[in-house]
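Commentary on secondary and tertiary structure
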Amino acid sequence: MRYFSTRGTAPVLDFRGATLAGLAADGGLYVPETWPTLSREAIAGLAGLSYAETAVRIMAPFIGDALTEDELRDLCETAYGRFSHAAVTPLVQLDHDQWLLELFHGPTLAFKDVALQLLGLLFERFLTGTDKRLTIIGATSGDTGSAAIDAVAGREGVDIFMLHPVGRVSEVQRRQMTTVLSPNVHNIAIEGDFDTAQALVKTMFATPALADTYALSAVNSINWARLMAQVVYYFYAAVRLGGPERPVAFAVPTGNFGDVFAGYVAARMGLPIAKLIVATNVNDILHRALTAGDYSKGTVEQTATPSMDIQVSSNFERLLFDLGGRDGHALAAQMKGFEATGAMRLTNAQSQGAAGLFGSERVDPDNMAMAMRWACEKAGQVIDPHTAIGLAAARRQALAPGVPIVTLATAHPAKFRDAVERATGARPVLPARVGDLFEREERYVTLPATLAAVGDYVAAHAHPSR
Ligand SMILES: Cc1ncc(COP(=O)(O)O)c(C=O)c1O
Ligand SMILES: N[C@@H](CCOP(=O)(O)O)C(=O)O
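Residues numbered from 1 in each chain as written. Chains lettered and ligands numbered in written order. Predicted model: local features only at pLDDT ≥ 70, side-chain atom pairs only at ≥ 80, totals over all residues. Heavy atoms only, no water.

Within an unreviewed UniProt entry, the label attached to the protein chain reads Threonine synthase, and the organism entered is Sphingomonas mollis. One UniProt comment on the protein chain, placed under Cofactor (unreviewed entry), says "pyridoxal 5'-phosphate". What the UniProt record of the protein chain gives under Catalytic activity (unreviewed entry) is the line "O-phospho-L-homoserine + H2O = L-threonine + phosphate". (UniProt positions renumbered as here; feature names shortened; annotations may be inferred.)

Written out as C-alpha cells, the structure reads:
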C-alpha cells in the first residue's frame, strides 16, 4: 500500500515510511492510495473473532509488506493483551436501541490506548536493527499525551516531547503524563490552548533544523497508523450487533475528527453504517462545517469536556481531500486559505459528499449533564462528560426503527471526576491500575507557546538522529 499526502507534493511512502514520518513534508496528512474493501462475506466472517484477530484482518491491507501477518498478529496480541477487559472494547446496552462502546479499558483509561499501544510497538519494530532514533512531538488536550507516554516510556531510540495547554486538562489527565519520570519523556505545559499547541507541533515539523536533525515523528491522529487502528472497533462493534446484515449508527464525541474519520474509513471499506453522528461541545467548528459548509475558527471555550476544546480539527483535511476528488493541489490551496484567514467554505462536492453519511449535533453543557444523569438513572451507567456529548447527540437523532446506535465511550469517568460528580452526584473511583497517581512526583516545564522556546527546549534535550 502506498501513502499520498493530502497536499500533493510530499514523497509517496509505504506504511513504514508514513508511520515514521507522522506528518507529510508538505504539511499535509498521509492517506492510503485507495480504500481496501471487505466483501459482505469477509465482514460476516469477523463474527466471533477476538479483538486482536479482528485487528489483523482489518489492518493487514493497509500495512502491505511492511510486516508479515504473523508479525502483525504478534503486535496486536501484545497491544490488546494490556487491556483490562477480555473483549478489549466491550458493548454495553443502555436501552432498546442505545449502546455504549467502551473504549477505555486500556492502561490510561481513554480510547487513545487502542491505537497508541499498537503504535508504540510499531515504532519499536520499525527502528529495530537500524541505527535510527525518533523524536516524537505531540500536542494533547489530555488523553493522547498519557496514552502516548505510556506507549513509549523507557523505549530505546525514542524521545517524546508532549505539549499540553497549561490549566486546561483535568488533574488526573495531567498527572497521568507528568508522573512518568522516564528519561525519554518530556512534558511541556504550553501557555495557550490546544490549538496553539497543535499549530506549534506542525510548525516544528516544517522547520528543517528540527525536523531533519531530530527525525521528528507524530503520535497525534495526524499519524495515519493511529486512525488505522481505530477503524477496527467500528467493525468489531457492528458485527456484534448484527452487521453486515443490519446497519449500525455511531455517535462520536469529536474534537480533532480522528475517531469519526476512522468510522468514515470503515464505511469506505464496506461496513454498512447507517449514520455517523459528529457530536461536538460548544467548540462547534465541525458542526457548523457539516450543517452550513462554514469551517471558521472561533475562540476556544473551556468546558467540562477539555479533550474536545478544539477549533482546528486536523483530520477534517483528510475528509475534505477524499470528498473533493483527491486533488492535492486544490486542497493545499483551500488549506492555505484557511491557515491565512481562519475561515473556509466547503465546496459543493465536499458538503454533499458528507451529507450522505454524516449527521451532526452541537451539545451544550446542560444537555451534556442531562445525558450523564439519564445514563445513570435509566441504565445504571456512570459515563464521562465526553461520552455524554456523544450520547446526547445520539438520543436526538431520528433513525429507522431497529437501527442500533452506538455511542463511543471515549474515556473512563474517573478521568473527569469533578464534572461527573457535579452532574450526577456520584464520584467515580480511579481504577486500581492507575495506582498511586496522587502520591507520585510530577515533572514538567512550563513554556511560552513560541517556536523559539519549545524548539530550544527540544534541541537541548533530544538526541540528534543518526
Ligand atoms: C475523551 C475524548 N473524547 C473525544 C475526543 C475527540 O476525539 P477526536 O479528536 O478523535 O475527534 C478526545 C480527544 O481526542 C478525547 O480525549
Ligand atoms: N483530545 C485529544 C486531542 C489530540 O487528538 P489526537 O487524536 O489528534 O491525538 C487529546 O486527548 O490529546
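**Brief notes about the UniProt feature "domain: Tryptophan synthase beta chain-like PALP" (unreviewed entry) in the protein chain**
In this structure's numbering, the residues bearing the UniProt feature "domain: Tryptophan synthase beta chain-like PALP" (unreviewed entry) are residues 87-324. Taken end to end, residues 87-324 is 41% helix and 20% strand, and its two terminal C-alpha atoms sit 37 Å from one another. (Helix = DSSP H or I, 4+ residues; strand = E, 2+ residues; numbered from the N terminus.)

**Examining the packing of helix H3 (residues 51-63) against helix H4 (residues 69-80)**
Axis separation between H3 and H4 bottoms out at 9 Å; the angle between their running directions is 135°. Comparing the axis directions of H3 and H4 gives the class oblique. In this structure, the crossing between H3 and H4 has a hand that is right-handed. Mapping the contact onto sequence places Tyr51, Ala52, Glu53, Ala55, Val56, Met59, Ala60 and Ile63 in H3 and Glu69, Leu72, Arg73, Cys76, Glu77 and Tyr80 in H4. (Axes fitted to C-alpha atoms, helices over the stretch in contact; angles between N-to-C directions. Parallel < 35°, antiparallel > 145°, perpendicular 65-115°, else oblique. Left-handed = near helix turned anticlockwise from the far one by under 90°. Contact = heavy atoms within 4.5 Å.)

**Comments concerning the pairing of strand E9 (residues 248-253)**
Regular strands place side chains that alternate from one sheet face to the opposite one. Of all six residues that make up E9, six are buried, and the element is covered over most of its length. Judged by which residues are buried, E9 turns out to be covered on both faces: Val248, Phe250 and Val252 on one side and Ala249, Ala251 and Pro253 on the other are all buried. Pairing geometry for E9 and strand E10 (residues 273-280), over six bridges, is parallel. Paired with Val248 across the two strands is Ile273, which belongs to E10. This β-α-β element, E9 to helix H11 (residues 258-268) to E10, shows right-handed connectivity. Where E9 and strand E14 (residues 405-409) come together, three bridges link them in parallel fashion. (Buried < 20%, exposed > 50% of the residue type's maximum accessible area, 1.4 Å probe, protein only. Pairing = 2+ DSSP bridges. Right-handed = clockwise from strand over helix to strand, strands pointing away.)

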